[in-house]
Amino acid sequence: MLKAQARPVHLYMEANPNPNSLKFVANFMLVDEGVSFDFPDVESTGNSQLAKELFNFAAVQRVFIASNFVTVTKSEDVEWPEIQTIIRDHIKQFLESGQKAVQASFEKDPLFDENDSEVVKKIKGILDEYIRPAVEQDGGAIVFHSFQDGVVKVLLQGSCSGCPSSTVTLKAGIQNLLTRMLPEVKEVVAEGI
């Protein structure tokens with residue numbers, strides 16, 4: 001009888017601008033491109049056994065899963081060298097077992113809604129094409145929240161949540177790009193930071 005072989009999993013760690021977050025990058029996609037899952041606490045982990053297990057480590061404050069990576073945010077009273085190998089090994093073993101990082105399926109594209117106005121469609125397109133890849137590079141995500149009276153509201157997730165440089169990124173990068181590309185946009189603000 002043939003035994004199913006475990007998927008070869010290679011993980012490497014990447015630092016990012018948030019000193020309390022570390023990005024664990026896998027050699028394959030964990031979730032669909034452009035979709036992300038933010039777990040700010042253990043109560044929110046209903047569709048991710050991996051996130052739930054990571055919260056068993058006392059130092060883990062937040063878990064974020066997107067593309068081919070897991071970003072873990074730790075408490076400030078612990079240093080990464082004390083826990084990074086343990087967390088990396090746990091993620092690796094979980095993925096080697098063949099389990100999905102997140103149990104989720106979508107009937108339609110969660111990023112785009114046919115009822116969006118033309119301006120909102122353009123905002124979402126710019127966020128998806130120009131901004132999301134750069135933010136994911138740093139272990140986070142930016143999600144469109146709303147657009148009203150010239151103000152775009154976004155949610156910052158993963159390493160961006162609580163990052164000391166997120167305000168600079170938001171104003172100097174994201175707001176400048178959106179206001180240059182779309183005259184309807186006057187300001188960009190982050191919800192929940």
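Cut-offs and rules
- Residues numbered from 1 in each chain as written.
- Predicted model: local features only at pLDDT ≥ 70, side-chain atom pairs only at ≥ 80, totals over all residues.
- Heavy atoms only, no water.
- Helix = DSSP H or I, 4+ residues; strand = E, 2+ residues; numbered from the N terminus.
- Buried < 20%, exposed > 50% of the residue type's maximum accessible area, 1.4 Å probe, protein only.
- Contact = heavy atoms within 4.5 Å.
- Areas by Shrake-Rupley, 256 points an atom, 1.4 Å probe, with all protein chains shown as cover.
- Expected span 1.5 Å × (residues − 1).
- Phe/Tyr/Trp six-rings, centres within 6.5 Å; stacked < 30°, edge-to-face > 60°.
- Lys NZ or Arg CZ within 6 Å of the ring centre and 35° of its normal.

Caption draft 1: Region of interest: the overall build of the chain. Helix and strand counts for the chain stand at 4 helices and 8 strands. Listed by position from the N terminus, the elements making up the chain come as β-β-β-α-β-β-α-α-β-β-α-β. Looking at the 193 residues of the chain, the share that counts as buried comes to 45%. Across the chain, every contact between residues at least 6 apart in sequence was considered, and the portion connecting residues at least 24 apart equals 59%. Carbon and sulfur atoms make up 50% of the accessible area of the chain, which amounts to about 10,500 Å² in all.

Caption draft 2: Structural context of helix α2 (residues 80-96). Over its 17 residues, α2 runs 23 Å from end to end, which matches the ideal 24 Å to within 8%, given 1.5 Å per residue. The elements touched by buried residues of α2 are β1 (11-15), β2 (21-26), α1 (49-54), β4 (60-66) and β5 (69-74). Phi turns positive, to about 90°, at glycine 98, one or two residues after α2.

Caption draft 3: Quick peek at the packing of aromatic side chains. According to the stated counting rule, one finds 2 aromatic pairs in the structure shown. Seen from their ring centres, phenylalanine 64 and phenylalanine 69 are 6.1 Å apart, and the 40° between their planes marks the pair as tilted. The residue whose ring lies beneath lysine 23 is phenylalanine 69, and the NZ or CZ to ring-centre distance is 4.5 Å.

Purely geometric stuff here, so don't read any function into it on its own.
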